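# A look at the structure
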Amino acid sequence: MFRDRLAALSERLARWEIALAFVVACAVLVPGLASYILIDPWETHYAEVARRMLEDADWVHLRWQDEVFRSKPVLTFWLMAAGMRALGVGDGGGYSGEMTDGDLPVLAIRLPFALFAAGGLTAVFWMLRRLVSRRAAWLGLVAIAATPFFTLVGRQVRAMWVMTFHSACARMLRADAHRLGYTRQFTIYDSADQRRLIK
């Protein structure tokens, strides 16, 4: 009887487990985001480019001061600009000094990246749960979330974070490819690679 109740409770929790994993990841990454200044020199630089995006109302052409800025993918700046707009920072572009005026700009700039890092942890949890077990998924989530390097990088504005996430996922797929019926020697091609291969 007790085991039946426990099994029923476990089944009900399994439906909400992904959401719970995301909440746990957010509980690790989000608190204290604005408790320290923008530490990476690029965080301030990128924040100014995103602020300028709001000021110019141009979400395609990036500008740093009065120069075109093309060195990083636009998604980084869209995320920061969306965070600023969502929290009411830099309304209409604000002003350059606003980025150093209090904790709210720091939170607005970092929050999208912390949420993406939490999403990455949740994806790792989901993959481990499907490929290994629920216990391994929770242990993996806790182990990665407790890693100082992950919490540092996951809470910073990083232009290459998305690429790092894809690299980690490719490694996990390669490690367990045999479970999906593939060999470990597979190659992942994006659409540009596919077109070059066909030519």
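Residues numbered from 1 in each chain as written. Predicted model: local features only at pLDDT ≥ 70, side-chain atom pairs only at ≥ 80, totals over all residues. Heavy atoms only, no water.

By the definition in use, this model includes five salt bridges. In this structure, R51 and E48 form a salt bridge, with 2.6 Å as the shortest nitrogen-oxygen distance. On the criterion of helical spacing, the pair formed by R51 and E48 is a turn pair, its members being three residues apart in helix α2 (residues 41-56). A single burial state applies to R51 and to E48, both of which are buried. (Salt bridge = Lys/Arg side-chain N within 4 Å of Asp/Glu carboxyl O. Helix = DSSP H or I, 4+ residues; strand = E, 2+ residues; numbered from the N terminus. Buried < 20%, exposed > 50% of the residue type's maximum accessible area, 1.4 Å probe, protein only.)

A few words now on unusual backbone geometry. What is expected of a backbone is that most residues other than glycine have negative phi and most peptide bonds are trans. With a phi angle near 55°, A57 is a residue other than glycine that sits in the positive phi range. Counting through the fold element by element, A57 comes out in the loop between α2 and β1 (63-64).

Here the focus is helix α3 (residues 74-86). Compared with an ideal rise of 1.5 Å per residue, which puts 13 residues at 18 Å, α3 spans 18 Å between its outermost C-alpha atoms and is within 8% of the ideal. Those residues of α3 lying buried are T76, F77, L79, M80, A81, G83 and M84. (Expected span 1.5 Å × (residues − 1).)

Here we take up the side chain of T122. Looking at the secondary structure, you find T122 in helix α4 (residues 104-131). Looking at T122, the relative accessible area reads 9%, which means it is buried.

Turning to the nonpolar core, a few remarks are in order. Formed by 21 residues in total, the largest nonpolar core has its most connected members in F77, M80, M84 and I109. Those elements that provide at least two residues to this core are α2, α3 and α4. In terms of residue count, the dominant contributor to this core is α2 (six residues). Counting residues in each nonpolar core, the second largest holds 14 residues, with A25, C26, L121 and A137 among its members. (Core = buried A, V, L, I, M, F, W, Y, C linked by side-chain atoms within 4.5 Å.)

Looking at the protein as a whole, its pLDDT mean stands at 79, while 82% of the residues score no less than 70. Across the protein, helix α5 (residues 134-145) holds the top mean pLDDT of 90, while helix α7 (residues 161-175) sits lowest at 63. (pLDDT = per-residue confidence, 0-100.)

The terminal C-alpha atoms of α4, which comprises 28 residues, lie 40 Å apart, in line with the 40 Å expected from a rise of 1.5 Å per residue. Roughly 35° is the biggest bend found in α4, and it falls at R110, with proline P112 one to four residues downstream. (Bend = angle between axes of the 7 residues up to and from the residue.)

Attention now moves to the side chain of E48. Taking relative accessible area as the criterion, E48 reaches 13% and is therefore assigned buried. Looking at E48, its side chain comes within polar contact range of the side chain of R51, at 2.6 Å. (Polar contact = N/O pair within 3.5 Å; in protein donor to acceptor, adjacent residues only side chain to side chain.)

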